Each structure stands twice: as structure tokens, then as C-alpha cells.
Amino acid sequence: MFATLAKLALAATDPIELHGSGTTNPSKLYWQAMDLMMARAKIPLHMTYRAVGSSTGQAEFVGASNTPAGTPYTHFGSGDIPMTTANFDALGAAKMLHIPFAVSAIAIFHSVPAADNAGQPLNLDACTLAKIFRGKIASWEDAAIKALNPSLKISGAPAIKLAHRTYGSSSTAGTTEYLKTACPTEWEIDAGSTVDWPATGNAVEGSGGMTTFIRDNAYAIGYLDAGHGTSEGLSEVALTNAAGKKVTSTDADIGEAANQKVSSMPADATSADWSNVNLYNMPGDTTWPIAVMSYLYVRQELSAMNPGTASLLRAFLNMILSEEGQELATGFGFAGLPSTVLEKSKAAVGQLTMPAGVTEFTFETGTQAGTGAGEYVISGKRRSFAEYERSVFDGRIQDLQAKVTMLEEQLEKSSVFELHGSGTTNPSKFFWQTMDLFEDRSRHPIYMTYRGVGSSTGQAEFVGETNVPANTAFNHFGSGDIPMSAANFAKLGDRKMVHIPFAVGAIAIFHSVPAAQRDNKAIDLEPCLLAKIFAGTITEWDHPDIKAANTHLAVPAGTKIKVAHRKEGSSSTSGTTEYLDTACKAEWSDKGKTTGSTVEWAAGMNEVQGSGGMASFIAANEYAIGYLDAGHGQSEGFAEVALRNKDDVFITSAEANIGAAATSALGAEPSPIPAADADWSAVNLYDMTGPKTWPITMFSYFYVEKDMSRMHRRTAALLHAFITYTLSAEGQTALTEFAFSKLPSEMLTYNTATIATITWPANMEMYEFEIDTQRGHGSREHVLSVKRRSFTEYQQDALHTQIAALQAGECPPARVEYVDVACPTAAATGSGGGDGDGDSASTIAVIGLIVAVLALLGAGFAVFKATKKPYAPQRDSPTPAIEGNVPGNPIST
């Protein structure tokens, strides 16, 4: 008797079990619904779901391989495709129900860099996609792809890296059946969960494998359930739907496909073969073309099932189709069922044949006194502590996320925004001046630096081959007076860059032959004569070829030419040697001489470091000759060689129109200017036509990443503003003060188009410039206002005005604060008498000017030291904008 009572007691506490298997897509929805039901039940329940894929779910539901055969392994199955005809037929007399419970989307994802398509979505229609997935289109530069994407510019014709699932999956079925539906002429093979993929495809396992492949391989393409791919941050293809509209799954109406289909669904949920039911390429402007219904597979005849399990199965179905269940589904990326389909599914649940005497589970939502305490009541008033804690944690996490967001905003507002670059020395003074202006004109503290290290070093630091991690830039931008070399461009690999020319400069040849020995005239050298000097073929100033071209030259016999050249790689070396090879190949490359930023010079020549070293050598050594950027040499007062240009005119850079070379190049047919993200290594402005054209003319460039989407948004905004200012009327005028020439208007237009192709951070707020007073608006954080100035800048401007007045012999218009400058007297300007006092007065005026300058510099330095913004690291929480890696500091991208 006691044994019988024990068995009865044990039986009373045995849990009611329910088990299912199938598609992975709704697995998290099922697990959550099961957890909720088990927590809300009064009697013990044990519910599980195995996420094994739609094909396996169907096989286990049919149970053809079970013992006895035809016995299901589980109580229900699930799939994102209807039961196949083969599996449906295998059921024999056993009827089953298709119960749609949600609508989802299969989407096409890719890893073509956003910058390659000007930040636009990649567009594909069904037939082009079919050709890609069949291997008929193997390159992203294929004409069919480019016709759908006019802004797509990919250099090097990279191969398409196609990814597909290894085992049968509903996403494979959905994708291939869509292609067969929408473009049967190109998808001539079978469709389904397993297909014959081209040999060039890459097999991946599961949704996780697909995600990893697309994320880790540039120029890849594959298919995923839309919610999964979107949550992973993958880029989605915009597909052309049946209405001819380009849509992505995120902006399309996923559920509308089911609405369009409901009228043609089988009327009998139990006896009909649903294998041809699909939502592919349904009509509607906003309809997504690869929509799929997710199904529960249930045997209609449950009379032989354990009554408790049968009751729990029906309760589970009702839970998924309830308002709460449909809301849960949307939280996992599904679209809820349209009401018309939902009612059809609920009616199907009502067709289940239940065991005799079954006790049905019911649901308590509002309090039902007494009734809610029943054993077969799933009560919302019962909860597990784990579920309660989870909901509390969810609330706390949301609260913390809000607080973190607020703190990040506050931290960002209190941090210093940074921008760092390196490269050519030639524009460094302009860069430093502009950066000072930005720091003075910004309401928010910013910190900007530029290292003048030469074009070659600037390129190397932009490529970042030696950085940690490798191939990450040391700085936010680079700069050079030469295009990125072909070798460095190749090292960038999948990283895309753009060249942005911002000024036209000149390399000039300077010398130190005494003026008296050349009759105060320029020394004329045609290209081949200059090539012989730099090649070491001509070594004396009185060489007959030099004398023949300069009859006025009277140097002592045998006077040696002291040739100076740069030691480290430099753009001026590159410009000079490439000009010599362009203008006189016979005396340069034909004689074995090389070109570039670093070359082999003849023995006995003089090696100098940097532009400063070149200037010092020419200044310290008579009969020297060397090359310098024209503005630098002119500012040093060096004598300049007159070069013969393409139009056979001897001219110095001071006399020439430097910008004319760029105008000549832009007007050439075909244009030597390539696409902005192409290899520019062959671009040069050497020996262009025009009577006033200088023959050694060069663009100065910004080197900029084309995809800036992962750069700190504040830094990216600063870089955008810095480039924009440099190309503005104010910036171009400022460049002329440093002996550069303005860009032709055609080149400015070209640059504007280039900047538009750069992919900037999605949440970047661009800087604006206040020139005239904009009341209120000019006080915003992202406004660089000329109405803000530092006192040092003000003093410098005032001093420039006073110096100009004194040089003109005029009285300065006003005193500079803290500095009094005496007006020159009439005697000082030479307009008075001739008793010698004029010289004395002039001397006093000059001394007064020097004292004024020194006083101002001292005051300016003190102000600068007092007001220079301190360095503080800018952080984009939790990753710093520049990390302290060794040996370099890679940009946090």
C-alpha cells in the first residue's frame, strides 16, 4: 500500500514535457516563451527546443528513420520553409498542420567598403544577384553591377568572394527560391535548402560562420536572416523588388508580403501540401522581396499523445500566437503576422484533435480570484525570481545605458578634440598657422599638430606598415608634394585612400655664384645642362657649355661647382630628378640615373639634411648649387637659376605663373588626373606648356583615408573642416603668403567631388565657419568663428601693419598694445635736408622697429605660454582616439 501511495505521489509531481526542434531563427523566441510558461505554471513543466535548422527539424518531425518508422522524434517541429513535398508525402495518412507564426526576411549582406560606393547602398536586382551566386559574375567591376551603381568606383577589379551555407538551411532555400522566382532565366538550377554552388564559392557553417566570413573578408557577399546581419552591423544590399523599387530589409514592410499572399494560401491547413507557398517577390512598393513565413509543424491527430503534453502543446501554440507572443517575436527581429494570417493560424490550432478527457491549459492575465489558482492555469501573476531579476536587470541596464550615454556626452564636451598629421615640410608653416587659427576660433578646446618630416616619411606614416598593429596609420592624415608612390599605394591593400591636391608649389634651383661675377644677372640653364651638373658630368662653373649659355659669367678658371642634395627622401629630390628625366631623358635615365625621393648621387657631391640644411649650405658656400621649394629659397634671398621651360623661355620661379602648370594639365587630352582613389604615382606637372609656366611645378596633397567611418567623429569633423578651410578662398589666399599658388577653379571643383566620396562617421557633426556675425548661431560649439581671436594673433596682425607702414616710410596707423613705435621723421624717410642727420634718424627708426618687434615677440610668447591649451587625451569611450601602442600610436579606427 505504501509503495502504491509513493508511486502516486511521484506521478503527481512528474513534470509535463514538451520538446521541439527545427529552424534556428526563432529559437530565442521559443526559449523565452518556454521559460515564461514554466515560471507561470503551478504544476511542473519541462519544455525544450533544439535549434538544428529547418531541414533537420522537418526530418525529426517526420521521423522516417525513427523506431518505429514514421514516429516523430519531437512533439512539434519548426521551419522557415513549408514542409517539402517529399517530407509531406512521407507522413502518409498522418495529417499535419502548417501554423505560420511570424514573418521574417532573408537579406543579402556584403563587405564592399562604403567609400567605394560614395557611402551609397549597393544596389542589385534579382538577375544580377543570380549571376553572382551562379559564378557568372566574378568581379565587382562587372558592367551589370556598375550599371546599377553609378557611383561605384573600385580599382583593381577585386574578385567577388561568394559565401554560402554548407548544410541545408532555410536561408539557403529562401535565397535560391527567390532567385528562381524572380529571375528563372538566370537561376536555371534547382532551388532549396541545399544546392549545387559554383566551385569558386566559400562554404560556411551556420549563420555565425556566414557573419564571420563577410566581416573578415573585404568584397564578400552572402545571405543571412535580416535581423542577424543587421545586429552584426553588416552592410546590406538594396534589392529591386517586384514594383521596381530599391529597398533594404530595414526600410521595407516585411509583413506586407504575407498580406499579399493570404488569399492564395491553402484553405485546408491539414491536408494540403504547402511546399509551393512562399512570399518571394510579392507586389507592393515597400514589400521586401525575400520574405519568409516561419512555421510550427504540428500533427493534427493528437489523440494518442500524453494528454498533459497535448494540452501543453496547444497552450504553447496559443502563447506564440497571442498578443504577448507576437510582441516577443518583434523583439527578435520578426515582423508580427498580419491580422488576416494570424486569424488563419489561430483557426488551425482549433483543428487539433485532442486526447479524450484532456484538461486544457488556460491563461490568467488579469487577476481571476480562485480560478487563477488552478493547476492548469498559466498565470501572469506567477513569476520565477530569475525572470523577475532579469526584468529588473533589463530596467537597470536601460537606465545605466542612458546614464552612460549622458556621461559620454559630458566627457566628450569636456575633452580636447585632436587632429594630428605628418609629411612634407613645405606647407608646414601654413598648416601650423591654420591649426593655431582653428584653436583660437573654436569654442571647444581642440589640439592640432603637424610634424614636418618630409613627403616620404609622411607616406610611410600614413601607410603604417611598421606600426602596431601593422598597416594602421600613425596619424589622422598625411601630406606630400608628391603623389603616394606605387609601392606605398599597393601596401594599403583593401584600405582605400584619396589624393586631395590643395596647392600648387614650385621647386627652384638656387646658387651662390657672386653677383659681381655674373654681372648681377641670372644664370640660364636649359634642362640638359642642369642634368649634366646634377649627374656630375659638368663639374666646373666655367665649363664651355655653361659659358656658352651665359656670356656674362666671369668666374675664376676651374671654379668647382659645389652640388648639394638632400640626404633623406624628400619631395624636392623627387620633383627635381623627375623633372630632369621628363625634360632631358638623354642625360638622365638614359645615362643610368634614377628618379624619386631618394636617388644615387655622384661621388663628391654634398649631402645635406632637410630644407634647412640645403639653405645653410648654399648660404655658407660660394659657388654652390642646390634645389629648394621656391618660397623657401626666395625668402632666404638666394640667387635663382633661370630655367628654360617647355616654350623655350628662360624664366625664374619668381617671374613665372606657378599655377599655370596645373591649368595646362587639366586642359590636356587625355587628362593626366585620375580618379581620386586611384594610383596617382604617375601624376606630375613637370615641363608643362605655356610661356609663363614654371617647369618644376608640383601639387601638394592631403593623403586621406576614403573610409573614415570608424574614426572618432570629432576628429573626423576637425579633419573635414581643416581640408575645407584649406580649399576655401581664405585658405587659398593664406597659402600664397607661403609662396604657394592657388589651385585652379577646376581643381577645386574636382576636390569638392572627392570629399563627397569619403565615408565620414554616421553621427559626425560638421564644423561651420562664421565670417560675418551670426547672432546666436555663431556661439554654437561646432562653429569656427573669426570673431574669436587670441591676443597673440591680434598683436601679430597689428605688427604686420606697422612693419608695412614703416617699410613704406609712413607713420603706423595705431600703436600695438604695450609697444610704442615712433613715426619716422621726414629726415628718416629721405625727404629732408642733406646734413647727415637723415641717416641718424633712419637708424633710430630702424632701431625703434627692432625694439618693437622684440618687445612684441616677448609679449606674444608670454601670452602664448599662458593661453596655449594643455594637452588632454580625447577619448571615444571606451576606446581612446590615439592608443599608446609601441612603437607607434595607431589611429583608433
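The preceding data block contains the structure.
On a predicted model such as this, the values are computed, not experimentally measured, just so you know.

> Residues and numbers for the environment of T594, please.
Inspection of the secondary structure assignment puts T594 in the loop between α20 (571-583) and β22 (606-608). With 13 residues separating them along the chain, T594 and D581 place their C-alpha atoms 8.4 Å apart. Once residues lying within four places of it in the same chain are set aside, the contact partners of T594 are T577, W588, V599 and E600.

> Would you mind going over the packing of aromatic side chains in detail, with residue names and values included?
Summed over the entire model, instances satisfying the criterion amount to 38 aromatic pairs. Consider the rings of F431 and F702, whose centres lie 5.7 Å apart with planes at 20°: the pair is stacked. In this pair, F431 is assigned in helix α15 (residues 428-441) and F702 in strand β28 (residues 696-705), connecting sequence segments 271 residues apart. You'll find F431 and F702 in the same group, each marked buried. Its end group placed over the ring of W187, R134 keeps NZ or CZ at 5.8 Å from the ring centre.

> How would you sum up the state of the cysteines? Please name residues and give values.
Taken as a whole and assessed by the stated rule, the structure comprises two disulfides. The residue that forms a disulfide with C528 is C584, at a sulfur-sulfur distance of 1.9 Å. The S-S bond linking C528 to C584 shows a torsion near 100°; that makes this disulfide right-handed. With C528 in helix α18 (residues 527-535) and C584 in the loop between α20 and β22, this pair connects stretches of sequence that are 56 residues apart. For C528, a relative accessible area of 23% puts it in the partly exposed group.

> Could you give an account of the environment of S55, naming the residues involved and the relevant values?
Here S55 is to be found in helix α3 (residues 54-62). For S55, a relative accessible area of 26% gives the class partly exposed. The contact partners of S55, leaving out residues within four places of it in the chain, are G168, S169 and S193.

> I'd like to hear about helix α7 (residues 170-182), residue by residue, with values.
Helix length check: α7 (13 residues) gives 18 Å between terminal C-alpha atoms against 18 Å at 1.5 Å per residue, within 8%. If you check which residues of α7 are buried, you get S170, S171, T172, A173, G174, T175, T176, Y178 and L179.

> Quick rundown of helix α24 (residues 713-727)? Include the residues and the values.
Its 15 residues place the ends of α24 21 Å apart at the C-alpha level, agreeing with the 21 Å of an ideal helix rising 1.5 Å per residue. With 13 of 15 residues buried, α24 is to be regarded as a mostly interior element.

> Kindly report on the packing of helix α5 (residues 126-133) against α7, identifying the contributing residues and their values.
Running from N to C, α5 and α7 cross one another at 130°; their axes reach a closest spacing of 9 Å. Compared by their axis directions, α5 and α7 come out oblique. Helix-helix and strand crossings are classified by hand; for α5 and α7 the assignment is left-handed. On α7, the residues touching A126, L129, A130 and F133 of α5 are T175, Y178, L179 and A182. For the contact of α5 with α7, the per-class residue count stands at seven nonpolar, one polar and no charged.

> How would you summarise the pairing of strand β8 (residues 220-225) if you had to cite specific residues and measurements?
The buried fraction of β8 amounts to six of the six residues, a majority that puts the element mostly inside the structure. Burial of β8 is two-sided: the residues A220, G222 and L224 facing one way and the residues I221, Y223 and D225 facing the other way are all buried. Sheet analysis places strand β4 (residues 96-110) next to β8, joined by five bridges and oriented antiparallel. Paired with A107 across the bridge in β8 is L224.

> Before we move on, can you summarise the pattern of salt bridges with the specific residues and values?
Oppositely charged side chains are able to pair whenever their charged atoms sit close together. Within this structure, the stated rule accounts for 21 salt bridges. Residue E461 is joined to R451 by a salt bridge in which the shortest nitrogen-to-oxygen separation is 2.7 Å. Of this pair, E461 sits in helix α16 (residues 455-463) while R451 is found in strand β17 (residues 446-452), placing the two residues 10 residues apart along the sequence. For E705, the salt bridge is made with R495, and the minimal N-O distance between the two is 2.5 Å. Note that E705 is positioned in strand β28 and R495 in the loop between α17 (486-491) and β19 (497-511), a separation of 210 residues in sequence. Overall, the relative accessible area of 14% leaves E705 in the buried class. What you see here is one network of salt bridges that share partners, running through K136, E186 and E188.

> So what's going on with the sheet that holds strand β10 (residues 238-240)? Which residues, and what values?
Taken together, the three strands give an open sheet; going across it, the order is β5-β10-β11, and neighbouring strands pair in mixed fashion. Both edges of this open sheet fall to β5 (123-124) and β11 (246-247), since each of them pairs with a single strand only. One ladder, built from two bridges, connects β10 with β11; its direction is antiparallel. Of the residues in β11, the one forming a bridge with T240 is K246.

> Tell me about the sheet that holds strand β26 (residues 650-651), and please be specific about residues and values.
In spatial order, the strands read β20-β25-β26; together these three strands make up an open sheet with mixed pairing. Edge positions in the sheet fall to β20 (524-525) and β26, since each has one partner strand and no second. In terms of strand pairing, β20 meets strand β25 (residues 642-644) through two bridges, oriented parallel. Residue L525 lies in a different strand from β25, and its bridge partner there is L643.

Here is what the cut-offs are and how they apply
- Residues numbered from 1 in each chain as written.
- Predicted model: local features only at pLDDT ≥ 70, side-chain atom pairs only at ≥ 80, totals over all residues.
- Heavy atoms only, no water.
- Helix = DSSP H or I, 4+ residues; strand = E, 2+ residues; numbered from the N terminus.
- Contact = heavy atoms within 4.5 Å.
- Phe/Tyr/Trp six-rings, centres within 6.5 Å; stacked < 30°, edge-to-face > 60°.
- Buried < 20%, exposed > 50% of the residue type's maximum accessible area, 1.4 Å probe, protein only.
- Lys NZ or Arg CZ within 6 Å of the ring centre and 35° of its normal.
- Disulfide = S-S within 2.5 Å.
- Expected span 1.5 Å × (residues − 1).
- Axes fitted to C-alpha atoms, helices over the stretch in contact; angles between N-to-C directions.
- Parallel < 35°, antiparallel > 145°, perpendicular 65-115°, else oblique.
- Left-handed = near helix turned anticlockwise from the far one by under 90°.
- Nonpolar A, V, L, I, M, F, W, Y, C, P; charged D, E, K, R; others polar.
- Pairing = 2+ DSSP bridges.
- Salt bridge = Lys/Arg side-chain N within 4 Å of Asp/Glu carboxyl O.

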